[in-house]
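Examination of the molecular architecture
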Amino acid sequence: MPNGVSLSLTGPMAGAGTNPAAGMALVGCGSALPAVSISNEELSRRVDTSDAWIRSRTGIGARRVCGPDEPLTVLASQAARRALEHAGWRPEDVDLILLATSSPDDLFGTAPRVQAALGATGAVAFDLTAACSGFLFALVTAGQYIASGAVRRAVVIGADQLSRWVDWDDRRTCVLFGDGAAAVAVEACAAADTGLLGFRMRSDGSRNACLTLAQTDSRAALLGELSTQKGGFAPIHMNGQEVYKFAVREVPAILQELLESTGVAPAQLDWLLLHQANQRILDAVAERFAVPAERVLSNLAHYGNTSAATIPLMLDEAVRDGRVLSGHLLASSGFGAGLSWGAALLRWQGPPG
Ligand code: ACO
C-alpha cells in the first residue's frame, strides 16, 4: 500500500446486503458566494505580487471574500437551501446534514446552526473536517449512511471562509484562497442506479506539516504553577512546492486506481471535476489521462481555492449553465491538508439548472 491510510470501495456500497435501496443518487445542487470580489490587481496593492505572477502560476484571477457580518452559517445555509429547492425537497424531508469545513463559526459544530437556519427539524447535523478533501469525504460518508438504510435523504455541504485564517500579508498564501459554499442533495436509490460508483480515500499525517492551520503555542496561567493551553490558531502555513508535488503525484495515482477498479476508461468520462487549487495541477492531471481541456471543469479564475467548497461549487456552476447533464459521468478528486486525498466516480442525476 502506498503511504497513508486507505479506504476504498467499488461497486455496491457498504450495507448493500441489508438494504435493497443501497445506492445514492445526486439529485440537487446549490451554491452561495459572498458579493465582494478582490482581483489580483487589487491584492497587489496590499502585497508584493502581480496579476501576471498569480495567473501564470495558479490560473487565479480573483477571489470572493466574506465581510465580518457574513458568517459561514449564512453562506452554508444559502447553498443548502438552493440544493433543497433544486431537488424539490422540503427542509423537513432531510435526515442528515454534513458540513465539510475547516473554518467553522463554532468549533463545537456549525452544522446544527445550518440545520436551524434551514428549518430541517428532522435532520441530524454535524461537521466533518478534512480541509480541501472535506466535501469528497463527506459525500462518501453520506453514501455510507444511505447505504446502511439509516438515512434516506442527506445534504452534503462544502463551505469555507479561509479569509479568516489567511495572513493577508503573506503573498505565498493569500493570493490562493477565497470564500464560498456549495451543497449537493443526495438520496437513496436502487443500487443499480447509484451515483457513487466507486471511491478511494487516503490520509498521510506524516506529511501534515506541509499545510497547516494549527493551534498556536500560547499558555494561560491557571492556578499557581499550573497553566493551560490557550485556544487560538496561527494563520495558514504552507510549503507550496511540497503541496504541489504531492498533488501532481497522488491525484493521478488515485484516479488511476479508481478508474481501473471501476472498469471505466478516461475516454468514457464526461468531466474531470477536481478540487480547484491550481490550474497547473488540473492541467497535469488532465494530460496524464489525455482528457481534453474542454472536459476539465475549472472556475479558478473567478473564485480561487475555496477549500471544501470547490468541488460542489464547480459542479453547481456546470449544472446550472447546462454543461453537466443528467446521466453524465464525472471523475472527482479532492486533495489538501492532512495530508488527505480522495477520488470518487460520480454520476449526476439531478434536474437541469
Ligand atoms: N507573487 C509574486 N511572487 C511570489 C508570490 C506571489 N504571490 N508568491 C511567491 N512568490 C515568489 C517567491 O517568493 C519566490 O521568490 P524567490 O525565488 O525570490 O524566493 C518565487 O515566487 C517562486 O516561489 P515558489 O514557491 O517556488 O513558487 P511556485 O512556482 O512553487 O508557486 C504556488 C507557488 C503557486 C503556491 C505553488 O507552489 C502551488 O500552487 N502549490 C500548491 C498549493 C496548493 O494547492 N495549496 C492548497 C492545497 S488545498 C488545501 O487543503 C488548503
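Computed from a predicted model, the values in this text were never measured in an experiment.

Describing the sheet that holds strand β5 (residues 96-100)
- Ordered in space as β2-β8-β7-β5-β6, the five strands form an open sheet in which the pairing is mixed. Looking at which strands have only one partner, the edges of the open sheet turn out to be β2 (23-32) and β6 (124-128). Shown here is a sheet whose adjacent strand axes are inclined to one another by a mean of 20°, direction ignored.
- Note that β5 and β6 share five bridges and pair parallel. When the bridges of β6 are listed, I97 appears paired with A125.
- Across the sheet, helix α3 (residues 72-87) is in contact with β2, β5, β7 (153-161) and β8 (179-189); its angle to β2 comes to roughly 130°.

Here we look at the environment of A301
- Structurally, A301 can be placed in helix α9 (residues 300-303).
- Through-space distance from the C-alpha of A301 to that of N278 is 9.6 Å; in sequence the pair is 23 residues apart.
- Setting aside its immediate chain neighbours within four residues, A301 contacts G59, I60, G61 and A62.

A word on the side chain of S307
- Note that S307 resides in the loop between α9 and α10 (310-320).
- Side chain to side chain, S307 and D160 meet in a polar contact 3.0 Å long.
- The contacts of S307, once residues within four sequence positions are left out, are A131, C132, D160, L162 and H275.

Comments concerning the site of the ligand
- Every one of the 25 residues lining the ligand counts as a neighbour, but T49, R57, C132, Q241 and N278 are closest to it.
- Contacts to the ligand include T49, whose side-chain N or O atom sits 2.6 Å from a nitrogen atom.
- In this structure, a nitrogen atom belonging to the ligand sits 2.9 Å away from a main-chain N or O atom of R171.
- With four residues, helix α7 (residues 240-262) is the largest single contributor of residues to the shell around the ligand.
- A breakdown of the residues in the shell around the ligand according to their chemical character gives 12 nonpolar, eight polar and five charged.

Side note on the confidence of the model for the protein
- Within the protein, residue pLDDT values average 94, and 94% of them lie at 70 or more.
- Segment residues 11-17 is flagged for pLDDT under 50; beyond a separation of four residues in sequence, or across chains, it makes 17 contacts in the model.

Side note on the pattern of salt bridges
- Scanning the entire structure with this criterion turns up 20 salt bridges.
- A salt bridge links D204 to R207, with the shortest nitrogen-to-oxygen separation between them at 2.8 Å.
- Across the pair R219 and D217 runs a salt bridge whose closest N-O atoms are separated by 3.2 Å. In this pair, the class of R219 matches that of D217, namely exposed.

Examining the nonpolar core
- One finds L255, L272, V285, F335 and L345 to be the most contacted residues of the largest nonpolar core, which totals 46 residues.
- Of all the secondary structure elements, the ones that give two or more residues to this core are α7, β14 (271-274), α8 (279-288), β15 (329-336) and β16 (340-347).
- L272 has contacts with L255, V285, A286, V291, R295, V296, L297 and A331, leaving out every residue within four places of it along the chain.
- L98, A142, L315 and A344 belong to the second-largest nonpolar core, a separate cluster that totals 39 residues.

Focus: the pairing of β15
- Of all eight residues in β15, eight are buried, a share of seventy percent or more.
- Side chains of β15 alternate between two faces, with L329, A331, S333 and F335 and L330, S332, G334 and G336 buried alike.
- In the sheet, β14 pairs with β15 via four bridges, with the strands oriented parallel. From the neighbouring strand, L272 faces β15, where its bridge partner is A331.
- Across eight bridges, the pairing between β15 and β16 is antiparallel. Bridge assignment links L329 to a residue of β16, and that residue is R347.
- Connecting β15 to the next strand, β16, in antiparallel fashion are three residues, including G338 with a positive phi near 140°.

Let's talk about unusual backbone geometry
- Cis geometry marks the peptide bond from G338 to L339, where omega comes out at -5°.
- Note that L339 resides in the loop between β15 and β16.
- For A290, which is not glycine, the phi dihedral falls at a positive 55°.
- Note that A290 resides in the loop between α8 and α9.
- Within the chain, S307 stands out as a residue other than glycine whose phi angle is a positive 60°.

Some remarks on the environment of A32
- On the secondary structure map, A32 appears in strand β2.
- Taking the C-alpha atoms as reference points, A32 and A80, 48 residues apart in sequence, are found 8.7 Å from one another.
- Every residue in contact with A32, bar those within four places of it in the chain, is listed here: L75, Q78, A79, R82, G180 and A181.

Considering a nonpolar patch on the surface
- On the surface, L222, L223 and L226 cluster together to form a nonpolar patch covering roughly 320 Å² of accessible area.
- Inspection of the secondary structure assignment puts L222 in strand β11 (residues 219-223).

What counts, and where the lines are drawn
- Residues numbered from 1 in each chain as written.
- Predicted model: local features only at pLDDT ≥ 70, side-chain atom pairs only at ≥ 80, totals over all residues.
- Heavy atoms only, no water.
- Pairing = 2+ DSSP bridges.
- Helix = DSSP H or I, 4+ residues; strand = E, 2+ residues; numbered from the N terminus.
- Axes fitted to C-alpha atoms, helices over the stretch in contact; angles between N-to-C directions.
- Contact = heavy atoms within 4.5 Å.
- Polar contact = N/O pair within 3.5 Å; in protein donor to acceptor, adjacent residues only side chain to side chain.
- Near = heavy atom within 4 Å.
- Nonpolar A, V, L, I, M, F, W, Y, C, P; charged D, E, K, R; others polar.
- pLDDT = per-residue confidence, 0-100.
- Salt bridge = Lys/Arg side-chain N within 4 Å of Asp/Glu carboxyl O.
- Buried < 20%, exposed > 50% of the residue type's maximum accessible area, 1.4 Å probe, protein only.
- Core = buried A, V, L, I, M, F, W, Y, C linked by side-chain atoms within 4.5 Å.
- Patch = residues over 30% accessible without salt bridge, like charges linked within 9 Å, V, L, I, M, F, W, Y side chains within 5 Å.
- Areas by Shrake-Rupley, 256 points an atom, 1.4 Å probe, with all protein chains shown as cover.

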